[in-house]
Amino acid sequence: MKSKAILDFSPLIPASMSPSPENLIANLKDFLPGYIYRCKADADFTLLEADGQLEAVTGYEPEDFFNGKCSFVSIIHPDDLTLVNQRIEKALADNTNFQIEYRIIDKSGQVRWVWETGCTLGNGEIYGFISDQLPGLGRQHRLNDAQRRVVAVAGSGAVSAGDDRTVAEAICQHCTQWLGVERTSVWLFDDTQTQLDLVTLHLKSSNQYCTGQSLKREQYPAYFDALITGRGIDASDAATDPRTSEFARGYLDVLGIKAMLDAAIRNGDQIIGVVCCEAIGEHRQWNLDDINFVAELADQFSQTLNNKERLQARYLAIKAQAANDAKSRFLATISHEIRTPLNGVLGMAELLIDSPLNEDQKDIVATLQSSGQLLLSVINDVLDYSKIEAGKFEILPSPVDLKRLLRQMTSLFQYAAQQKNLDLIVDIKTELPHLLLDASRLQQVIANLLSNAIKFSQLGKITLRQSASDNTLMIDVIDQGCGISDDLKARLFQPFEQEVRDHQQEKTQGTGLGLAISKRIAEAMGGNILVTSSLGAGSTFQIKLPLVPAPTIAPSSQATAHSAEPGKSLNALSVWVAEDNQVNQRVIEGLLKRLGIEPTIFANGQLVLHALAVAEPLPDIILMDCEMPVLDGLSATRQIKSNPRWAGIPIIALTAHALTDYRDKTKAAGMDGYLTKPIQPETLKSALEMTCVAANT
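Source: prediction; values computed, not measured. (Residues numbered from 1 in each chain as written. Predicted model: local features only at pLDDT ≥ 70, side-chain atom pairs only at ≥ 80, totals over all residues. Heavy atoms only, no water.)

1. What to know about the overall build of the protein chain
Of the regular secondary structure elements, the protein chain holds 21 helices and 24 strands. Relative to its full complement of 697 residues, the protein chain shows a buried share of 43%. Taking as baseline every contact in the protein chain between residues at least 6 positions apart, the subset at least 24 positions apart corresponds to 62%. About 35,400 Å² of surface is accessible on the protein chain, with carbon and sulfur atoms providing 51% of the total. (Helix = DSSP H or I, 4+ residues; strand = E, 2+ residues; numbered from the N terminus. Buried < 20%, exposed > 50% of the residue type's maximum accessible area, 1.4 Å probe, protein only. Contact = heavy atoms within 4.5 Å. Areas by Shrake-Rupley, 256 points an atom, 1.4 Å probe, with all protein chains shown as cover.)

Here it is as structure tokens:
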């Protein structure tokens, strides 16, 4: 049998008081912060006797309990009633004392935390003590509730989704409920921190949300200064606190606001807003738990804004990428559709120039060719610039004989220079070994600079000079033309920049992209382009690149890679062509015949496969259009390369697609070379020479 439980009030008795057993009970009610009671152990805890501060704790007089107007059970908070019943039932069953913290609702409707200790003597009655003034009473329960609310906001999904409006409303509601204040609002600074804009305001009494207000720094400078310093505002008397007293007239007095608690919303070290809690009716001394709770919710709003910014940046990046992809597809389609007929125009003009023509007819054909080449250069410039903007511009270095490349470029522009009575010379200052460069891109840059030099020169000479110093390669294009003003030099390498020079009456032809693209190419190769010029004294454009010698290739390997079958020249090659467009069939056939080659023409890839199945001997090379009916060139190439008997046949793509992505597709399909329409005779010849290998290698 367990011993009877005895209530221990000694922790509540002041140390200065040493009452005798005779006066202990009589004096308890005079200093204990609560009341002593005796009640039945029934469902309502019917009060039998009470003494002390019953009315101060509950708001009810003892007679209200005795005459049945209320009961202990009726004032216990509904959320805590089950816990209270369980604790007391266990104490009754075990015949032990109990201690419990719970909430009551007093006569005015206010929620109060109370601490109760009691025991039963086994006679169906409970003896105990209830207080609402013990230090820390209900604090842990309140902190647990605060943590639950913060976790509810953080885990709602609105924070991670960057839904700032939903999170702001949740923060306001939790603050009004947990703090017991009438108003909570969320504000954000503008970019200059001179204005606060309301995100949302929650009114507890009506459970309504408001928005659309602003506060200006010039009206409330002390308040703004206090917020921007990063210190929270805990004004227990808002009307007299120097940080909030600016609101006293016309705001605090009108709404009855007595206390304000503000927590800063931060983004790193910067204050970007505030969560503002306003208590009406009475002044309020804010404690550390209050301040921390609002600050934690402010941090959740800060995280929401960060997530919103991150998601918006991601959305914009996806949108930009989609726009770039759409632009690339559009440019690829337009390029293909323009290059296909342009191949016919330039190809036929190339064939026509070799036919018997009088001088006027030759001039007409030359004009046709130059106009077609200008259109082609415009297409190439637009495609190159789009690749640069999309970040898809590639540099593919390989061993280059620079001396030979510069002489070829001089030869290529010699005719254009002679037409203007200009001398075009090449000046090699430094003998160099093979260098590691992207030959085609370097040619593109030099071609642009030589073209401009010829365009803007009326007399004298143009020099293409190569030199080297301190591991730096320098290629200069020097002219004696009209020169460039300082104003134009500052804008020279900007996209779409064109300028009328002194001797010109109208703008030059072209896109205005040439120099911008050339500079980006030089930068992509690890170098730069510099210009020195003055009006009337000519110009010098200098390409500066890293001087990187190419690795030495063993002679035997070089011979294997490039040696042709002994005794087999270009005109002895067996060349098959797969091309569905009849005009382009005539063009490629005419260009090949100029090289002494009689090609075999097929209209689609399927016909090529049928012919290979019975061919003896096999062709030396296949020129394959990529887009054809029945079976396209890429699919046909895959089937050819998968057949051991045919896999060694070199296949060169013929395509109007000029973007790198499509070139990669041809490589992936197994194609060995790539020719972009319109087909240039020199390019075609070079491609055939590079792939003119022995049939058994």
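We are not done yet, so read on.
2. Digging into the packing of aromatic side chains
With the rule as written, the count across this model stands at 12 aromatic pairs. Arranged with centres 6.0 Å apart and planes meeting at 75°, the rings of Tyr 60 and Phe 65 form a pair that is edge-to-face. Like Phe 65, Tyr 60 is buried. Ring centres of Trp 576 and Phe 602 lie 5.0 Å apart, and the angle between their planes is 55°; on these two criteria the pair is classed as tilted. One end of the pair, Trp 576, is in strand β20 (residues 575-578); the other, Phe 602, is in strand β21 (residues 600-602), and 26 residues separate them in sequence. Judged by its relative accessible area of 8%, Trp 576 is buried. Owing to a relative accessible area of 12%, Phe 602 belongs among the buried residues under this scheme. Feature note: the residues Phe 189, Tyr 220, Tyr 223, Phe 224, Phe 247 and Tyr 251 constitute an aromatic cluster, connected by ring pairs. (Phe/Tyr/Trp six-rings, centres within 6.5 Å; stacked < 30°, edge-to-face > 60°.)

3. A word on a nonpolar patch on the surface
A cluster of nonpolar residues, Phe 330, Ile 334, Ile 338 and Leu 375, forms a patch on the protein surface that exposes about 330 Å² of accessible area. At 3 residues, the largest contribution of residues to the nonpolar patch is made by helix α10 (residues 288-352). One can find Ile 334 in helix α10. Classification of Ile 334 as partly exposed rests on a relative accessible area of 35%. (Patch = residues over 30% accessible without salt bridge, like charges linked within 9 Å, V, L, I, M, F, W, Y side chains within 5 Å. Salt bridge = Lys/Arg side-chain N within 4 Å of Asp/Glu carboxyl O.)

4. Overview of the pattern of salt bridges
Here the idea is simple: oppositely charged side chains can pair when their charged atoms come close. Taken as a whole and assessed by the stated rule, the structure comprises 27 salt bridges. Ionic pairing is found between Arg 217 and Asp 225, a salt bridge with its closest N-O pair at 2.4 Å. Residue Arg 243 is joined to Asp 234 by a salt bridge in which the shortest nitrogen-to-oxygen separation is 3.2 Å. Classification of Arg 243 as partly exposed rests on a relative accessible area of 24%. Salt bridges sharing partners connect three or more residues here, namely Arg 38, Glu 49 and Glu 125.

5. A look at unusual backbone geometry
With an omega dihedral of 5°, the bond running from Glu 616 to Pro 617 counts as a cis peptide bond. Inspection of the secondary structure assignment puts Pro 617 in the loop between α18 (605-614) and β22 (621-625). The linkage connecting Lys 677 with the following residue, Pro 678, adopts the cis geometry, with an omega of 0°. With respect to the helices and strands, the residue Pro 678 is situated in the loop between β24 (673-676) and α21 (681-690). Even without a glycine there, the phi angle at Asn 421 is positive, about 55°.

6. Side note on the pairing of β22
With 5 of 5 residues buried, β22 lies mostly within the body of the structure. Where burial is concerned, the two faces of β22 agree: the one with Ile 621, Leu 623 and Asp 625 and the one with Ile 622 and Met 624 are both buried. Judged from the 4 bridges that link them, β20 and β22 form a sheet pairing that is parallel. Counterpart to Ala 578 in the pairing with β22 is Met 624. Of the pairings in the sheet, the one linking β22 to strand β23 (residues 651-655) comprises 4 bridges and is parallel in character. Bridged to Met 624 within β23 is Ala 653. In this region the chain leaves β22, passes through helix α19 (residues 633-642) and returns to the parallel neighbour β23; the handedness of that crossover is right-handed. (Pairing = 2+ DSSP bridges. Right-handed = clockwise from strand over helix to strand, strands pointing away.)

7. Some points on the sheet that holds strand β5 (residues 125-131)
Strand order across the open sheet formed by 5 strands is β2-β1-β5-β4-β3, with antiparallel pairing between neighbours. In the strand order of this sheet, the two ends are held by β2 (47-52) and β3 (98-105), each with one partner. Neighbour-to-neighbour, the strand axes of the sheet open up by a mean angle of 25°, direction not taken into account. In terms of strand pairing, β3 meets strand β4 (residues 111-120) through 8 bridges, oriented antiparallel. Residue pairing across strands places Arg 103 opposite Trp 113, the latter belonging to β4. (Axes fitted to C-alpha atoms, helices over the stretch in contact; angles between N-to-C directions.)

8. Brief notes about the confidence of the model for the protein chain
Predicted confidence across the protein chain gives a mean pLDDT of 84, with 89% of residues reaching 70 or more. Confidence drops under pLDDT 50 across residues 1-22; counting only partners more than four residues distant or on other chains, this segment forms 32 contacts. Considering only residues more than four positions removed or in separate chains, one finds that residues 500-507, a stretch of pLDDT under 50, has 15 contacts. (pLDDT = per-residue confidence, 0-100.)

9. What about the environment of Asp 190?
Secondary-structure assignment places Asp 190 in the loop between β6 (183-189) and β7 (195-203). Asp 190 sits 82 residues away from Ile 272 along the chain, and the two C-alpha atoms are 7.9 Å apart. Look past the residues within four positions of Asp 190 in its chain and what remains in contact with it is Gln 195 and Asp 197. There is a polar contact of 3.1 Å between the side chain of Asp 190 and the backbone nitrogen of Thr 194. (Polar contact = N/O pair within 3.5 Å; in protein donor to acceptor, adjacent residues only side chain to side chain.)

10. Focus: the sheet that holds β23
Taken together, the 5 strands give an open sheet; going across it, the order is β21-β20-β22-β23-β24, and neighbouring strands pair in parallel fashion. For this open sheet the edge positions go to β21 and β24, each flanked by a neighbour on one side alone. With strand direction ignored, the average angle separating the axes of adjacent strands in the sheet is 20°. In the packing of helix α17 (residues 582-594) onto the sheet, contacts are made with β20, β21, β22 and β23, and the angle to β20 comes to roughly 165°.

11. Observations regarding the state of the cysteines
The final tally for this structure, using the stated rule, is 0 disulfides. This cysteine, Cys 175, is not joined by any disulfide, and Cys 277 carries the nearest cysteine sulfur, 4.1 Å off. (Disulfide = S-S within 2.5 Å.)

12. Concerning helix α13 (residues 439-455)
Between its first and last C-alpha, α13 extends 24 Å over 17 residues, near the 24 Å set by a 1.5 Å rise per residue. Burial in α13 covers these residues: Arg 441, Leu 442, Val 445, Ile 446, Asn 448, Leu 449, Leu 450, Asn 452, Ala 453 and Ile 454. (Expected span 1.5 Å × (residues − 1).)

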